[in-house]
Amino acid sequence: MGKPEYLYHGSTQQGLRTLEPREDPQNEQLTGKFVFATQHEAVAAMYLSPKGFPTIISRFGDVFTIVVQADITDYEQADKGGVYISTVPRRIRE
């Protein structure tokens, strides 16, 4: 697999303009600081969902499906918007 043409990042953090490397406190197997991005727009879009709602993503070929388990009123109240960033990768380790 070659380097992707673009990388995508989704975040509920409003006003995000710069992706800065950070540690992942939820994954003890990763050491160091990383920028989390994906070559799949749908995967990045999943991270636009407000925290606290179970989210499942599935893929069949090139088709992604994202399911968020939530009461629509609760979801709309929690949704404060977010940021979707598309970037051309400068350095990607293979």
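Residues numbered from 1 in each chain as written. Predicted model: local features only at pLDDT ≥ 70, side-chain atom pairs only at ≥ 80, totals over all residues. Heavy atoms only, no water.

## Here's the deal with the pattern of salt bridges
Working step 1: Evaluation of the coordinates by the stated rule reveals one salt bridge.
Working step 2: Taking the shortest distance from any N to any O, the salt bridge between R59 and D62 comes out at 4.0 Å.
Working step 3: A relative accessible area of 47% means that R59 is categorised as partly exposed. (Salt bridge = Lys/Arg side-chain N within 4 Å of Asp/Glu carboxyl O. Buried < 20%, exposed > 50% of the residue type's maximum accessible area, 1.4 Å probe, protein only.)

## Concerning the side chain of T38
Working step 1: Structurally, T38 is set in the loop between β1 (7-11) and α1 (41-46).
Working step 2: Leave out the neighbours within four places in its chain, and T38 touches Y6, L7, Y8, V43 and A44. (Helix = DSSP H or I, 4+ residues; strand = E, 2+ residues; numbered from the N terminus. Contact = heavy atoms within 4.5 Å.)

## What to know about a nonpolar patch on the surface
Working step 1: On the surface, L30, F34 and F36 cluster together to form a nonpolar patch covering roughly 240 Å² of accessible area.
Working step 2: For L30, the location among the structural elements is in the loop between β1 and α1.
Working step 3: Judged by its relative accessible area of 33%, L30 is partly exposed. (Patch = residues over 30% accessible without salt bridge, like charges linked within 9 Å, V, L, I, M, F, W, Y side chains within 5 Å. Areas by Shrake-Rupley, 256 points an atom, 1.4 Å probe, with all protein chains shown as cover.)

## Comments concerning the pairing of strand β3 (residues 63-68)
Side-chain direction in a regular strand flips from residue to residue, so the side chains alternate between the two faces of the sheet.
Working step 1: Of the pairings in the sheet, the one linking strand β2 (residues 55-60) to β3 comprises six bridges and is antiparallel in character. Across the sheet, residue R59 finds its bridge partner in β3, namely F64.
Working step 2: Between the antiparallel neighbours β2 and β3 lie two residues, among them G61 with a positive phi of about 65 degrees. (Pairing = 2+ DSSP bridges.)

## What about the environment of P50?
Working step 1: Topologically, P50 is positioned in the loop between α1 and β2.
Working step 2: Along the primary structure P50 and Q13 are separated by 37 residues, whereas in three dimensions their C-alpha atoms are 9.8 Å apart.
Working step 3: Residues within four places of P50 in sequence aside, it is in contact with T12, Y75, A78 and D79.

## Overview of the confidence of the model for the protein chain
Working step 1: Taken residue by residue, the protein chain gives an average pLDDT of 85. The fraction at 70 or more is 91%.
Working step 2: Least confident of the elements in the protein chain is strand β4 (residues 83-87), whose mean pLDDT is 84; most confident is helix α2 (residues 72-78), at 94. (pLDDT = per-residue confidence, 0-100.)

## Things to note about the environment of Y6
Working step 1: Note that Y6 resides in the segment before β1.
Working step 2: Given a relative accessible area of 34%, Y6 falls into the partly exposed group.
Working step 3: Along the primary structure Y6 and S86 are separated by 80 residues, whereas in three dimensions their C-alpha atoms are 6.6 Å apart.

## Points about the environment of A44
Working step 1: Of note, A44 is situated in helix α1.
Working step 2: For A44 and L7, which are 37 residues apart along the polypeptide, the C-alpha to C-alpha distance reads 9.0 Å.
Working step 3: For A44, the residues in contact, after removing those within four places along its chain, are Y8, H9, G10, T38 and Y84.

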